[in-house]
Amino acid sequence: MITDNYIFDLYGTLIDIHTDEQAPKLWEAVCDHIAKELSQYITASNKAILTVPAKLKEVFFKMDRQERVALGKRLGTEHPEIRIEWVWERLLSDKPEDRTRPKAEHVPLPIYDFEDADETVAPLHLVRLGNFFRRTSRDVFRLYPDTLKMLQSLKRKGKKIFLLSNAQRTFTREEILELGIAEYFDDLFMSSDKLIMKPDTKYMQMLLDKHNLDKAKCVMIGNEIGSDIKIADDMGMESILVTDGDFSKIL
């Protein structure tokens, strides 16, 4: 097999990361952040949610599930991907638990490309809140030791490198830039842009179609059998399972 195109997962494949979104200290920090930076959004109707960590956590995950179910029904997929700013927007609204509000059901859903991303993609206060939440939830965040070596080696060989990640642009864009690997990719696909996620084959097909790629000359590299390897298998594409940053099958 001649492989010209390397399609990578991100988290757990190129980036070693661990987050704890259940930690009480995270939700305490988020409540403090909202009180200090977004106090204008606290109203009589939402105060009991935005100022009580346990309640904010409960409602956040409830709304996340609601948005995913609604979007999955709308798009006819078992693997929908919401934009997490929809949840934060509802939480900061005057009536956060009003189900007539969610954008997932009531407005057109544009699809963005990485290179077009800026503060206009989502309101800046939602981007900042999403990034604060993400940074505070992380306790491990680094490249695997051989990530840069491997990406540089593929580039020297003239290979095309793509990202196909189940990820939120709100914080993933910043994390890729922070770790200095954006320059190695020919394109970056994030599931929140496309509204579907791996292992839905439509997600992979979008990438192949955009760049006119021959799947016989592509390989999918990832750390999850149920998403990365499955989407490749369902596409009839080669795949490489990577664990703990072991790129020996690629280098």
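Residues numbered from 1 in each chain as written. Predicted model: local features only at pLDDT ≥ 70, side-chain atom pairs only at ≥ 80, totals over all residues. Heavy atoms only, no water.

**Section: the sheet that holds strand β5 (residues 187–190)**
Link 1 in the chain: The parallel open sheet is built from 5 strands, whose spatial order is β5-β4-β1-β6-β7. Of all strands in the sheet, those bounded by a partner on one side alone are β5 and β7 (238–241). Taking each pair of neighbouring strands and ignoring which way they run, the sheet shows an average axis angle of 20°.
Link 2 in the chain: As paired strands, strand β1 (residues 5–8) and strand β6 (residues 218–222) are joined by 4 bridges and run parallel to one another. (Pairing = 2+ DSSP bridges. Helix = DSSP H or I, 4+ residues; strand = E, 2+ residues; numbered from the N terminus. Axes fitted to C-alpha atoms, helices over the stretch in contact; angles between N-to-C directions.)

**Remarks on unusual backbone geometry**
Glycine aside, the phi torsion of most residues is negative, and most peptide linkages are trans.
Link 1 in the chain: Note that the residue after Lys-198, namely Pro-199, is joined by a cis bond; omega there is 15°.
Link 2 in the chain: In this structure, Pro-199 sits in the loop between α9 (191–194) and α10 (201–211).
Link 3 in the chain: For Leu-195, which is not glycine, the phi torsion reads 75° and is therefore positive.
Link 4 in the chain: The backbone phi angle of Asn-212 is positive, close to 50°, even though this residue is not glycine.

**Some thoughts on the pattern of salt bridges**
Opposite charge on two side chains lets them pair, provided their charged atoms get close.
Link 1 in the chain: Using the criterion set out here, one finds 16 salt bridges in the structure.
Link 2 in the chain: For Glu-67, the salt bridge goes to Arg-90, with nearest N and O atoms at 2.8 Å. Separated by 23 residues along the polypeptide, Glu-67 in helix α3 (residues 53–75) and Arg-90 in helix α4 (residues 85–91) bring together distant segments of the chain.
Link 3 in the chain: A salt bridge links Lys-202 to Asp-200; its shortest N-O distance comes to 3.2 Å.
Link 4 in the chain: The buried category is assigned to Asp-200, whose relative accessible area is 8%. (Salt bridge = Lys/Arg side-chain N within 4 Å of Asp/Glu carboxyl O. Buried < 20%, exposed > 50% of the residue type's maximum accessible area, 1.4 Å probe, protein only.)

**Considering the confidence of the model for the chain**
Link 1 in the chain: With 90% of its residues at a pLDDT of 70 or more, the chain has an overall mean of 91.
Link 2 in the chain: In this model, residues 104–120 is a region of pLDDT below 50 whose contacts with residues beyond four sequence positions or in other chains number 41 contacts. (pLDDT = per-residue confidence, 0-100. Contact = heavy atoms within 4.5 Å.)

**Regarding the packing of helix α1 (residues 24–37) against helix α6 (residues 124–137)**
Link 1 in the chain: At their nearest, the axes of α1 and α6 sit 10 Å apart, and the two run at 150° to each other. Put simply, α1 runs roughly antiparallel to α6. For the crossing formed where α1 meets α6, the hand is right-handed. Listed contacts from α6 to Leu-26, Trp-27, Ala-29, Val-30, His-33 and Ile-34 of α1 are Leu-129, Phe-132, Phe-133, Thr-136 and Ser-137.
Link 2 in the chain: Among the residues making up the contact of α1 with α6, the classes are represented as 8 nonpolar, 3 polar and no charged. (Parallel < 35°, antiparallel > 145°, perpendicular 65-115°, else oblique. Left-handed = near helix turned anticlockwise from the far one by under 90°. Nonpolar A, V, L, I, M, F, W, Y, C, P; charged D, E, K, R; others polar.)

**Re the packing of aromatic side chains**
Link 1 in the chain: Going through the model one piece at a time under the given rule, you end up with 7 aromatic pairs.
Link 2 in the chain: Where Trp-88 meets Phe-133, the ring centres are 5.4 Å apart and the plane angle is 65°; that geometry is what we call edge-to-face. Remark: Phe-133 occurs in helix α6 and Trp-88 occurs in helix α4; sequence separation between them is 45 residues.
Link 3 in the chain: Among the aromatic residues, those joined into a cluster by ring pairs are Trp-27, Phe-60, Phe-61, Trp-88 and Phe-133.
Link 4 in the chain: One cation-aromatic arrangement involves Arg-138 over Phe-141; the distance from NZ or CZ to the ring centre is 3.8 Å.
Link 5 in the chain: Its end group placed over the ring of Phe-189, Lys-194 keeps NZ or CZ at 4.5 Å from the ring centre. (Phe/Tyr/Trp six-rings, centres within 6.5 Å; stacked < 30°, edge-to-face > 60°. Lys NZ or Arg CZ within 6 Å of the ring centre and 35° of its normal.)

**Here's the deal with the pairing of β1**
A regular strand places its side chains so that they alternate between the two faces of the sheet.
Link 1 in the chain: Here β1 shows two buried faces, one formed by Asn-5 and Ile-7 and the other by Tyr-6 and Phe-8.
Link 2 in the chain: With 4 bridges joining them, β1 and strand β4 (residues 160–165) adopt parallel strand pairing. Note on β4: the bridge partner recorded for Ile-7 is Phe-162.

**With respect to the nonpolar core**
Link 1 in the chain: In terms of nonpolar packing, the biggest core is built from 30 residues, with Phe-8, Leu-10, Met-150, Ile-176, Ile-181, Ile-221 and Ile-250 touching the most fellow members.
Link 2 in the chain: Counting residues per element, the ones that place at least two in this core are β1, β3 (138–143), α7 (147–156), β4, α8 (169–178), β5 and β6.
Link 3 in the chain: In terms of residue count, the dominant contributor to this core is α7 (3 residues).
Link 4 in the chain: In contact with Ile-250, not counting residues within four places along its chain, are Tyr-6, Phe-8, Met-150, Leu-154, Ile-221, Ile-240 and Val-242.
Link 5 in the chain: Membership of the second largest hydrophobic core comes to 27 residues, among which are Ile-34, Phe-60, Leu-71 and Phe-132. (Core = buried A, V, L, I, M, F, W, Y, C linked by side-chain atoms within 4.5 Å.)

**Brief notes about the environment of Thr-201**
Link 1 in the chain: For Thr-201, the location among the structural elements is in helix α10.
Link 2 in the chain: Looking at Thr-201, the relative accessible area reads 28%, which means it is partly exposed.
Link 3 in the chain: Each C-alpha atom of the pair Thr-201 and Asp-139 lies 32 Å from the other, and the pair is 62 residues apart in sequence.
Link 4 in the chain: Beyond its immediate chain neighbours, meaning those up to four positions away, Thr-201 contacts Ile-231, Asp-234 and Met-235.

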